[in-house]
Amino acid sequence: MNAFEAITQRQGVICYKPDPVDRDLIQRVLQAATAAPSPANTQPWELIVIDDAALTRQVAEYLVDTQAEFVFRQLLGTPEPFIEHLLKLYDEFYTTPCFIILCRNQRTELAQSEHAATVRDWDLCSIGAAMANLMAAATELGLGTRWFGNPMMDPETLHQMLGIPPEIEIIAVTPLGHHDEQPKVRPTQSLDAHTDFQRGDKYKLAALLQGKLALEDVVHFNKFGG
Ligand SMILES: Cc1cc2nc3c(=O)[nH]c(=O)nc-3n(C[C@H](O)[C@H](O)[C@H](O)COP(=O)(O)O)c2cc1C
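What counts and what doesn't
Residues numbered from 1 in each chain as written. Predicted model: local features only at pLDDT ≥ 70, side-chain atom pairs only at ≥ 80, totals over all residues. Helix = DSSP H or I, 4+ residues; strand = E, 2+ residues; numbered from the N terminus. Rg over C-alpha atoms; globule rule 2.2 N^0.38 Å. Buried ≥ 20, exposed ≤ 12 C-beta atoms within 10 Å, placed from the backbone. Contact = placed C-beta atoms within 7 Å. Near = placed C-beta within 6 Å. Nonpolar A, V, L, I, M, F, W, Y, C, P; charged D, E, K, R; others polar. Domains from an automatic or database assignment. Axes fitted to C-alpha atoms, helices over the stretch in contact; angles between N-to-C directions. Left-handed = near helix turned anticlockwise from the far one by under 90°. Pairing = 2+ DSSP bridges. Core = buried A, V, L, I, M, F, W, Y, C linked by C-beta atoms within 7 Å.

Considerations on the overall build of the protein chain
Move 1: Across its full length, the protein chain holds nine helices and five strands.
Move 2: Taken against the 2.2 N^0.38 rule, which gives 17 Å for 226 residues, the C-alpha radius of gyration of the protein chain at 18 Å falls within 12% of a compact globule.
Move 3: Classification of the 226 residues of the protein chain by burial places 24% in the buried group.
Move 4: Taking contacts inside the protein chain between residues at least 6 apart in sequence as the whole, the part at least 24 apart equals 79%.

Digging into the site of the ligand
Move 1: For the ligand, the full set of nearby residues is Gln11, Gly12, Gln67, Val71, Arg146, Trp147, Phe148, Gly149, Asn150 and Leu209.
Move 2: By residue class, the composition of the shell around the ligand is four nonpolar, five polar and one charged.

Notes on the domain arrangement of the protein chain
Move 1: For the protein chain, the assigned domains read domain 1 (3-183) and domain 2 (185-226).
Move 2: The distance between the C-alpha centroids of domain 1 and domain 2 comes to 24 Å.
Move 3: The interface of domain 1 with domain 2 comprises five residues on the first partner and four residues on the second.
Move 4: Of the residues belonging to the side of domain 1 that touches domain 2, the class tally is three nonpolar, two polar and no charged.

Some thoughts on the packing of helix α2 (residues 23-33) against helix α5 (residues 116-140)
Move 1: Running from N to C, α2 and α5 cross one another at 145 degrees; their axes reach a closest spacing of 7 Å. The interaxial crossing formed by α2 with α5 has right-handed handedness. Listed contacts from α5 to Arg28, Val29, Ala32 and Ala33 of α2 are Ala130, Met131, Asn133, Leu134, Ala136, Ala137 and Ala138.
Move 2: Looking at the contact of α2 with α5 residue by residue, the class counts come to nine nonpolar, one polar and one charged.

Things to note about the environment of alanine 40
Move 1: On the secondary structure map, alanine 40 appears in the loop between α2 and β1 (45-50).
Move 2: Separated by 37 residues in sequence, alanine 40 and glycine 77 have C-alpha atoms that sit 40 Å apart.

Let's talk about the sheet that holds strand β2 (residues 99-104)
Move 1: Spatially, β1-β2-β3 is the arrangement adopted by the three strands of the open sheet, whose pairing is antiparallel. Edge positions in the open sheet fall to β1 and β3 (169-175), since each of these has one partner strand only. On average, adjacent strands in this sheet sit at an angle of 20 degrees to one another, irrespective of strand direction.
Move 2: Two strands pair when backbone bridges link them, and β1 and β2 are joined in this way by six bridges, in the antiparallel orientation. Residue isoleucine 48 lies in a different strand from β2, and its bridge partner there is isoleucine 101.

Let's talk about the nonpolar core
Move 1: Val29, Phe99, Leu102, Met131, Leu134 and Leu176 are the most contacted members of the largest nonpolar core, which totals 33 residues.
Move 2: Of all the elements in the fold, those that place two or more residues in this core are α2, β1, α3 (53-75), β2, α5 and β3.
Move 3: If you tally residues by element for this core, the top one is α5, at eight residues.
Move 4: Discounting chain neighbours no more than four positions away, the residues touching valine 29 are Leu134, Ala137, Ala138, Leu141 and Leu176.

Let's talk about the environment of isoleucine 164
Move 1: Positionally, isoleucine 164 belongs in the loop between α6 (155-162) and β3.
Move 2: Judged by local crowding, isoleucine 164 falls into the partly exposed class, with 18 C-beta atoms found within 10 Å.
Move 3: For the pair isoleucine 164 and valine 71, spaced 93 residues apart in sequence, the C-alpha to C-alpha distance is 23 Å.
Move 4: In this view, isoleucine 164 contacts Cys103, Leu158, His159 and Ile170; residues no more than four positions away in its chain are not counted.

What follows is the structure in structure tokens.
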């Protein structure tokens, strides 16, 4: 698999086999993550690997609970019966063998204090790039991942569970593991799925979660709209 295939065939995976992930493979995806660009090469990340069986279960439970409460219920306003339906998708998630937590550590005072917000934005971009690298490398190695942003909505629980110092900001968590899911055939998605989206409408949410927008809908040559 080449880099283009690894990037375009990546998909978010929810169900993992319980088989442990070899530490050599974990090392490879970490290496890919930390090869990402960052402002002035500040590398504002910490990566926490959880592959102890008791802890992975706790992290999985935390992610599903946080997903239900903060993402489905509070953020998206999903109706309760549909939340119940969605949570069934996570039945096999609890035995996920490994999680990687990407955190922000602003260990370098890069800019003058009035630019702190810009630096934080840049750090988030860098961590996004690290996560994208990690996910592509995992795909190439036959491993699944899925970006969970919901820990940003309840970081305290994870800070306490894993002894993460308060100055380390949790940005995202991904499971990492072997899986049986075949790459989805992704239809080109119509812009309507986005413009018609209404919170709480399960059909419109399902439509939003389908394919990817066509290049011509989001790419502009030489001028916006070109
Ligand atoms: C910043 C960010 C936050 C996300 N947060 C969540 C999340 O909290 N829960 C979840 O199940 N998926 C989350 N996702 C995964 C997206 O839902 C997923 O990437 C999207 O549906 C597209 O599917 P794909 O990853 O298979 O391309 C997040 C993705 C990103 C980039």
